[in-house]
Amino acid sequence: MDIVTYPLGRRPTVRTWRSLALLMRLGYKHPNLVLAMALAVVLGFGAPAQSQNWTDPPLVFGYFQNILSYYDYKGSGHDFSSFSLQQLNLMIQKDLSPRWTAFVNMEFVNSFSTSRMIGDFNLEEAWIRYRVGQRHSLKIGLLIPEFNRMNTIKTKTPLLPYIIRPLAYESSLAEAIAVEEYIPTRAFLSFYGTLPLGNVKIDHAVYVGNSPNISTSDQPGQTGVDTSRTFLVGGRLGARLANIQAGVSGTLDYFDYPAEVGGLIHDPNPNVREIPRYRLGADLRVTQGPVTLEGELIEVWYDDDLDEIVSDKDFYYGTVLVSVTEQLIVFGGYWTTSQHFLDVAQGLRGFELINYVARMKIPTFGASYSLGDRVVLKGHFGIVKEELDAKGVRSREFDFNFYGFGTSVMF
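Please read these numbers as outputs of a predicted model, since none were measured by experiment.

Enquirer: Give a detailed account of the packing of aromatic side chains, specifying residues and quantitative values.
Expert: Within this structure, the stated rule accounts for 21 aromatic pairs. One aromatic cluster is present, built from ring pairs that chain together Y71, Y73, F80, F400 and F402. Geometry around W127 places K139 over its ring, the cationic atom sitting 4.3 Å from the centre.

Pasting the structure below:
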């Protein structure tokens, strides 16, 4: 799915120059972040307001969502409420020629601030696209791959009715949910397009990326590089017929368990490297009059042949949306997720591996109201039931209600 641009362009003012001076002073403390933001501002000067040719300056546009949330933990007395900048995506797009387009997407989540050590900042995308023809394109560079319908539109918060998106796509909850295991978040080469087949449009995409074994600052050597000899491969095949959209997706990559895990497995020669990891996804969206039904499933499993380790995961969601008016949408749905993960604990025989499984079940309801084309008001309510189980460990349950009110803006 190609980018829909909503550019913002203007000439610099006195306030703008003062802001740039402040960015220069801040640059001594956070040079990488400030450089990226300053570049986005500078490239936006003089950008046209409606359309772009390859001779025009780059477009700068984006989305953000501010929320007020309240968590009601049943019987615990630990209720809390909070304002938050849930997510902001700042994007730069430049048509280099009739066939070549460059694109950058920077994402800030959870009121990002380095000085306060909160939230996160990610360079989500930086790619160049070549239009092979009217129906096919090739992307080269850091990109969000096609996986189910939601993955490539998850950042477009004003186009979605939710405050909390279906859990596998909610980057603001990445500290609690293994988002990058459910969906492929990064690839580096993608060929995609659409083929007409009578009244049906066939969408297809194939892509290649790194394995999950990426070096970090905790390891010696260069960060951000794949430390294995394997790759991520994946794709999606979809169909669109009038008011029906459906698709299937899949990926394969190879995961290396940490070396210390191998030392705790009773198998004398455990294979903990280059473990195949499979993702399988399916999506469906049907619209009939004012009513839309959409849903997805994701299954993740590891082919490791290790009885002591279970790392499989699954996620399902279904939502019914009703367009009461052109501006007002109400919805109700049900989300469920299951995560198996490992932990190391001190036992009677020394350190041991413990397999946990965390399950979440969430009936969810809400509404969104559009104020014009660029501002959307949202309300969202969820009943959350979370269970945590492990062999030999007492099960725990966490029940709470989520209430959210938000404003989503396109600029």
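Enquirer: Explain the layout of surface pockets residue by residue, including any values.
Expert: Any empty space left between atoms is shown by rolling a water-sized probe over those atoms. Approximately 1300 Å³ is the volume attributed to the largest pocket. Lining the largest pocket we find 41 residues, and of these V179, E180, E181, T185 and R186 sit closest to its centre. Contributions of two or more residues to the lining of the largest pocket are made by β3 (100–113), β4 (118–131), α3 (179–182), β9 (244–255) and β10 (275–288). Top contributing element to the lining of the largest pocket by residue count: β4, with four residues. Per-class residue counts for the lining of the largest pocket are 13 nonpolar, 15 polar and 13 charged. As a volume, the second largest pocket reaches approximately 1100 Å³. What lines the second largest pocket is a set of 49 residues, among which S172, L173, E175, A176 and I177 lie closest to the centre. Broken down by secondary-structure element, the contributors of at least two residues to the lining of the second largest pocket are β1 (59–73), β2 (80–95), β3, β4, β13 (328–347), β14 (350–371), β15 (375–390) and β16 (393–410). With seven residues, β13 is the largest single contributor of residues to the lining of the second largest pocket. The residue makeup of the lining of the second largest pocket, split by class, is 30 nonpolar, 14 polar and five charged.

Enquirer: Now, about unusual backbone geometry: what can you tell me, with residues and values included?
Expert: Residue N110 is not a glycine yet carries a positive backbone phi of 55°. Tracing the chain through its elements places N110 in strand β3. Non-glycine residue E274 carries a positive phi angle of around 50°.

Enquirer: Talk me through the side chain of T101; I want residue IDs and the actual numbers.
Expert: Relative to the helices and strands, T101 resides in strand β3. Engagement of the side chain of T101 in a polar contact is seen with the side chain of D95, the distance being 2.9 Å. Non-local contacts of T101, meaning those with residues more than four positions away in its chain, are made with Q93, K94, D95, L96, W127, I128 and R129.

Enquirer: Can you lay out empty space enclosed by the protein for me, pointing to particular residues and giving the numbers?
Expert: Applying the stated criterion across every chain yields a total of two cavities of 30 Å³ or more. Taken as a whole, the second largest cavity encloses approximately 30 Å³ of empty space. If you tally residues by element for the lining of the second largest cavity, the top one is strand β11 (residues 291–302), at three residues. Looking at the lining of the second largest cavity, its residues break down into two nonpolar, one polar and four charged.

Enquirer: Now, about a nonpolar patch on the surface: what can you tell me, with residues and values included?
Expert: On the surface, a nonpolar cluster with roughly 400 Å² of combined accessible area is contributed by I140, L189, V208, F231 and V233. As for its position among the elements, I140 is in strand β5 (residues 136–143).

Enquirer: Run through the nonpolar core, naming residues and quoting values.
Expert: Counting residues in hydrophobic clusters, the biggest one holds 47 residues, and the most contacted among them are L167, Y182, Y257, I298 and F315. Listed by contribution, the elements that provide at least two residues to this core are β1, α3, β11, β12 (313–323), β13, β14 and β16. Among the elements that make up this core, the one with the highest residue count is β1 (five residues). When residues no more than four places from it in sequence are discounted, the contact partners of Y257 are V272, I275, Y302, D304, L306, I309 and S311. Of all hydrophobic cores here, the second largest spans six residues; its members include L90, I92, M106 and F108.

Enquirer: Go over the pattern of salt bridges with me, naming the residues and quoting the values.
Expert: Evaluation of the coordinates by the stated rule reveals 14 salt bridges. We note a salt bridge from E274 to R229, for which the minimum N-O separation is 2.8 Å. Of this pair, E274 sits in the loop between α4 (259–263) and β10 while R229 sits in the loop between β7 (200–210) and β8 (231–241), and the two are 45 residues apart along the sequence. Given a relative accessible area of 27%, E274 falls into the partly exposed group.

Analysis parameters
- Residues numbered from 1 in each chain as written.
- Predicted model: local features only at pLDDT ≥ 70, side-chain atom pairs only at ≥ 80, totals over all residues.
- Heavy atoms only, no water.
- Phe/Tyr/Trp six-rings, centres within 6.5 Å; stacked < 30°, edge-to-face > 60°.
- Lys NZ or Arg CZ within 6 Å of the ring centre and 35° of its normal.
- 1 Å grid on protein atoms, 1.4 Å probe; cavity = no way out; pocket = protein on both sides within 12 Å on 5 of 7 lines; lining within 4 Å.
- Points joined across faces, edges and corners; volume = space filled by probe spheres on them.
- Helix = DSSP H or I, 4+ residues; strand = E, 2+ residues; numbered from the N terminus.
- Nonpolar A, V, L, I, M, F, W, Y, C, P; charged D, E, K, R; others polar.
- Polar contact = N/O pair within 3.5 Å; in protein donor to acceptor, adjacent residues only side chain to side chain.
- Contact = heavy atoms within 4.5 Å.
- Patch = residues over 30% accessible without salt bridge, like charges linked within 9 Å, V, L, I, M, F, W, Y side chains within 5 Å.
- Areas by Shrake-Rupley, 256 points an atom, 1.4 Å probe, with all protein chains shown as cover.
- Salt bridge = Lys/Arg side-chain N within 4 Å of Asp/Glu carboxyl O.
- Core = buried A, V, L, I, M, F, W, Y, C linked by side-chain atoms within 4.5 Å.
- Buried < 20%, exposed > 50% of the residue type's maximum accessible area, 1.4 Å probe, protein only.

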